[in-house]
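Coordinate analysis (summary)
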Amino acid sequence: MNQETYHNTKPRYCCWVLNYRCMFQCRMCYIWKTAQDKCETTLEEKKRFVDSLVGFVNTDFEFHLSGGEPLVTEGIYDIIRHIYQYGFKINLVTNGWLVDERVVENLSSAGLSSLTFSVDGIQAATHDFLRGKAGSYERIMKALSITKKIRGDMKISVLSLITGHNVDEILPLVDWVQARAELDMISFQAITQPFSKARDDYWFEKEEDRFLWPHDSAKVSRIMDELHARKKNGQKIGNHPNHFIHFKRYFENPNRFLKTIKCNLGDYEFHVDPYGKVFFCCLTQPIGNITTDSLPNLWGSPQTRTIRDDVYHCKQNCHIMINCFFENELILQDEGKQ
């Protein structure tokens, strides 16, 4: 992609981390240990940011709202209503702890497109251990029963992290979602180094985190092959089938570089953190801040072009890259032509 096309390429997706606050103490994420001494963006700043996108992005633009736990964000329903009025799609991912009948009704009436629950085990003990919160599995099951009755037009899905602790429950999770009519799909991410820890390429060998890594590579390969086959056969799995090819390679060697083409985060996606910083990935400098800058002005600026080029030439297996989309990669291998 040459520089001239930067002005003609519109972002299609925003991953918006609304806060780093959470009532869980997840084993794969230390965000809950992060000092909360910075000022999060205000409700008005959030609304102005959404306003700034009108006329710049297409109406099929999508916001992915996450945290921390996004439901503790002040004015969360106002934010969703403000986004919805412009016709943008909105997904919110939650740990489920706060989801009751009132919350589901408010989310639905505000215009939420889809609600995603983080579920990391078919057994309560597995999920509760990984999430560091006793009773969290039971809360999610109750929440799903509520959404079944009053979800309105919202799609309901599940997001699961593949780890060494729950690897034997991955296929049963697919069976469970497949059997529940109220669930639209299940998507998977691969375990990476726990968030908010200093980068260590060999984190999976360290005693404190070793249990998170699936060390039986033969077993993991079989499971990835099965997930790939099930997706190809039309089961309710959100990942592209190529994703499981790359997961398989990653679990064989987590430090092998997976990308066969340039990282395309700079083409269509951007991230916003709780303090307003806008960036393509965690390994590059921010391109600006929603409290002081306009994204339409930032998108094609010389500074953004330089940062975008850094993204294109990056050769690190960051957590975003491992768990991003692989539709355009290994297509020939996927079709049995290599």
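Residues numbered from 1 in each chain as written. Predicted model: local features only at pLDDT ≥ 70, side-chain atom pairs only at ≥ 80, totals over all residues. Heavy atoms only, no water.

**A short note on unusual backbone geometry**
Of the consecutive residues glycine 67 and glycine 68, the connecting peptide bond is found in the cis state with omega at 25°. You can see glycine 68 is positioned in the loop between strand S2 (62–66) and helix H2 (76–84). (Helix = DSSP H or I, 4+ residues; strand = E, 2+ residues; numbered from the N terminus.)

**Here we look at the pattern of salt bridges**
Considering all chains together, one arrives at 13 salt bridges under this definition. Residue arginine 180 pairs with glutamate 182 through a salt bridge whose shortest N-O separation is 2.5 Å. Lysine 206 is the partner of aspartate 200 in a salt bridge, and the nearest nitrogen-oxygen pair spans 2.5 Å. (Salt bridge = Lys/Arg side-chain N within 4 Å of Asp/Glu carboxyl O.)

**Quick look at the side chain of histidine 64**
Counting through the fold element by element, histidine 64 comes out in strand S2. Within the local environment of histidine 64, its side chain forms a polar contact with the side chain of asparagine 91, the two groups lying 2.8 Å apart. Beyond its immediate stretch of four places on either side in the chain, histidine 64 contacts Tyr13, Cys14, Cys15, Trp16, Asn91 and Val93. (Polar contact = N/O pair within 3.5 Å; in protein donor to acceptor, adjacent residues only side chain to side chain. Contact = heavy atoms within 4.5 Å.)

**Structural notes on the pairing of strand S6 (residues 185–190)**
Taken together, the 6 bridges between strand S5 (residues 155–162) and S6 define a ladder with parallel strand orientation. Note on S6: the bridge partner recorded for isoleucine 162 is alanine 190. Regarding topology, helix H6 (residues 170–179) serves as the crossover connection from S5 to the parallel S6, and that connection is right-handed. (Pairing = 2+ DSSP bridges. Right-handed = clockwise from strand over helix to strand, strands pointing away.)

**Considerations on the environment of alanine 218**
Within the secondary structure layout, alanine 218 lies in helix H7 (residues 217–232). Take alanine 218: its relative accessible area is 40%, and that puts it in the partly exposed class. C-alpha separation for the pair alanine 218 and glutamate 252, spaced 34 residues apart in sequence, amounts to 8.7 Å. (Buried < 20%, exposed > 50% of the residue type's maximum accessible area, 1.4 Å probe, protein only.)

**Some words on the packing of helix H4 (residues 124–131) against helix H5 (residues 136–150)**
Put simply, H4 and H5 touch, their axes get as near as 7 Å, and they point 110° apart. Relative to H5, the element H4 is oriented roughly perpendicular. Touching Ala124, His127, Asp128 and Arg131 of H4 are Ser136, Tyr137 and Ile140, all from H5. Of the residues that constitute the contact of H4 with H5, the class distribution is 3 nonpolar, 2 polar and 2 charged. (Axes fitted to C-alpha atoms, helices over the stretch in contact; angles between N-to-C directions. Parallel < 35°, antiparallel > 145°, perpendicular 65-115°, else oblique. Nonpolar A, V, L, I, M, F, W, Y, C, P; charged D, E, K, R; others polar.)

**Some details on the nonpolar core**
Within the largest apolar cluster, 86 residues are counted, with the highest numbers of intra-cluster contacts made by Trp16, Phe49, Phe63, Leu227, Phe251 and Phe270. For this core, the element with the highest residue contribution is H6, accounting for 6 residues. With residues near it in sequence (within four places) discarded, phenylalanine 63 still touches Cys14, Trp16, Phe49, Val50, Leu53, Ile83, Phe88, Lys89, Ile90 and Asn91. (Core = buried A, V, L, I, M, F, W, Y, C linked by side-chain atoms within 4.5 Å.)

**Comments concerning the sheet that holds strand S4 (residues 114–118)**
Taken in spatial order, the 9 strands make up an open sheet running S6-S5-S4-S3-S2-S1-S7-S8-S9, and their pairing is mixed. Across the chains shown, the open sheet's two edge strands, defined by having one partner strand only, are S6 and strand S9 (288–289). One ladder, built from 2 bridges, connects strand S8 (residues 277–279) with S9; its direction is antiparallel. Paired with valine 278 across the bridge in S9 is glycine 288.

**Focus: the environment of valine 17**
Inspection of the secondary structure puts valine 17 in strand S1 (residues 13–17). A relative accessible area of 15% means that valine 17 is categorised as buried. With 259 residues separating them in the primary sequence, valine 17 and glycine 276 have C-alpha atoms 9.3 Å apart. When near neighbours in sequence (up to four residues on either side) are disregarded, valine 17 contacts Ser66, Gly67, Val272, Asp273 and Pro274.

**Examining the environment of lysine 33**
By the secondary structure assignment, lysine 33 is in the loop between S1 and helix H1 (43–53). Sequence spacing of lysine 33 and serine 196 is 163 residues, and the spatial spacing of their C-alpha atoms is 8.3 Å.

**Quick notes on the packing of helix H3 (residues 101–110) against H5**
Viewed as axis vectors pointing N to C, H3 and H5 meet at an angle of 45°, and their least axial separation amounts to 9 Å. In this view, H3 runs oblique relative to H5, as classed from their interaxial angle. Two packed elements cross with a definite hand, and for H3 against H5 that hand is right-handed. Contacts between H3 and H5 pair Glu101, Val104, Glu105 and Ser108 from the former with Ile146, Thr147 and Ile150 from the latter. Per-class residue counts for the contact of H3 with H5 are 3 nonpolar, 2 polar and 2 charged. (Left-handed = near helix turned anticlockwise from the far one by under 90°.)

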